[in-house]
Amino acid sequence: QVQLVESGGGLVQAGGSLRLSCAASGSIFSINAMGWYRQAPGKQRGLVAGITSGGSTAYADSVKGRFTISRDNAKNTVYLQMNSLKPEDTAVYFCFYGSSWSKDGIDYWGKGTLVTVSS
């Protein structure tokens, strides 16, 4: 079992920044992928950003150049720095852990943290 604890969501004005954190604990494999999906009301959950234990990254086109994902393998923690936030970034952000950032490779989800960007 793997437990994921998210933090850092909240309310921010458009153009502002937030940093999300997700700490994993439990039966952690040394080779893994972690990151974030998000789901806005009435929409499907989609990948925001993912990062492997080796440092490979993936981003949704809508966040490239604004969001940066990073991780601390010693702490089993992944971070998402979100800059230049837009109202359309408003969503519940879910941390994930698995073998890849595709939904098929995800084994565990966090409970989600709400990010609200006001215009």
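See the structure printed just above.
Since we're looking at a predicted model, the values are computed, not measured. (Residues numbered from 1 in each chain as written. Predicted model: local features only at pLDDT ≥ 70, side-chain atom pairs only at ≥ 80, totals over all residues. Heavy atoms only, no water.)

On to the packing of aromatic side chains, then. Applying the stated criterion across every chain yields a total of 4 aromatic pairs. Ring centres of Phe96 and Trp109 lie 6.4 Å apart, and the angle between their planes is 65°; this geometry places the pair in the edge-to-face category. Of the two residues, Phe96 is situated in strand 9 (residues 91-98) and Trp109 in strand 10 (residues 106-109); the sequence distance between them amounts to 13 residues. On the basis of relative accessible area, Phe96 is assigned to the buried category, the value being 0%. Trp109 gets classed as partly exposed once you look at its relative accessible area, which sits at 33%. (Phe/Tyr/Trp six-rings, centres within 6.5 Å; stacked < 30°, edge-to-face > 60°. Helix = DSSP H or I, 4+ residues; strand = E, 2+ residues; numbered from the N terminus. Buried < 20%, exposed > 50% of the residue type's maximum accessible area, 1.4 Å probe, protein only.)

On to the nonpolar core. Counting residues in hydrophobic clusters, the biggest one holds 27 residues, and the most contacted among them are Trp36, Leu80, Met82 and Tyr93. Elements with a minimum of two residues in this core: strand 1 (2-7), strand 3 (18-26), strand 4 (33-39), strand 5 (46-52), strand 7 (67-72), strand 8 (77-82), strand 9 and strand 11 (113-118). The contacts of Leu80, once residues within four sequence positions are left out, are Leu18, Arg19, Leu20, Trp36, Val48, Ala49, Phe67, Thr68, Ile69 and Tyr93. (Core = buried A, V, L, I, M, F, W, Y, C linked by side-chain atoms within 4.5 Å. Contact = heavy atoms within 4.5 Å.)

Right, let's get into the side chain of Ser21. Its place among the elements puts Ser21 in strand 3. If near-sequence neighbours (up to four positions away) are discounted, Ser21 is found in contact with Val5, Glu6, Ser7, Trp36, Val78 and Tyr79.

As a further point, take the state of the cysteines. Each disulfide consists of a covalent bond between the sulfur atoms of two cysteine residues. If you walk through the whole model with that rule in mind, you get 1 disulfide. Disulfide partner of Cys22: Cys95, at an S-S distance of 1.9 Å. Handedness of the Cys22-Cys95 disulfide follows from its S-S torsion of about -85°: it is left-handed. Residue Cys22 is found in strand 3, and its partner Cys95 is found in strand 9; the two are separated by 73 residues along the sequence. As far as burial versus exposure is concerned, Cys22 and Cys95 are alike and both buried. (Disulfide = S-S within 2.5 Å.)

Backbone hydrogen bonds hold the strands of a sheet together, and the pairing may be parallel or antiparallel. The strand order 1-3-8-7 describes an open sheet built from 4 strands, whose pairing is antiparallel. Two strands in the sheet have a free side with no partner beyond their single neighbour: strand 1 and strand 7. Geometrically, the sheet is characterised by an average inter-axis angle of 15° between neighbouring strands, direction not taken into account. Where strand 7 and strand 8 come together, 6 bridges link them in antiparallel fashion. Bridge assignment links Thr68 to a residue of strand 8, and that residue is Gln81. (Pairing = 2+ DSSP bridges. Axes fitted to C-alpha atoms, helices over the stretch in contact; angles between N-to-C directions.)

Another aspect to go through is the environment of Lys75. Position of Lys75 among the secondary structure elements: in the loop between strand 7 and strand 8. For Lys75, a relative accessible area of 56% translates into the label exposed.

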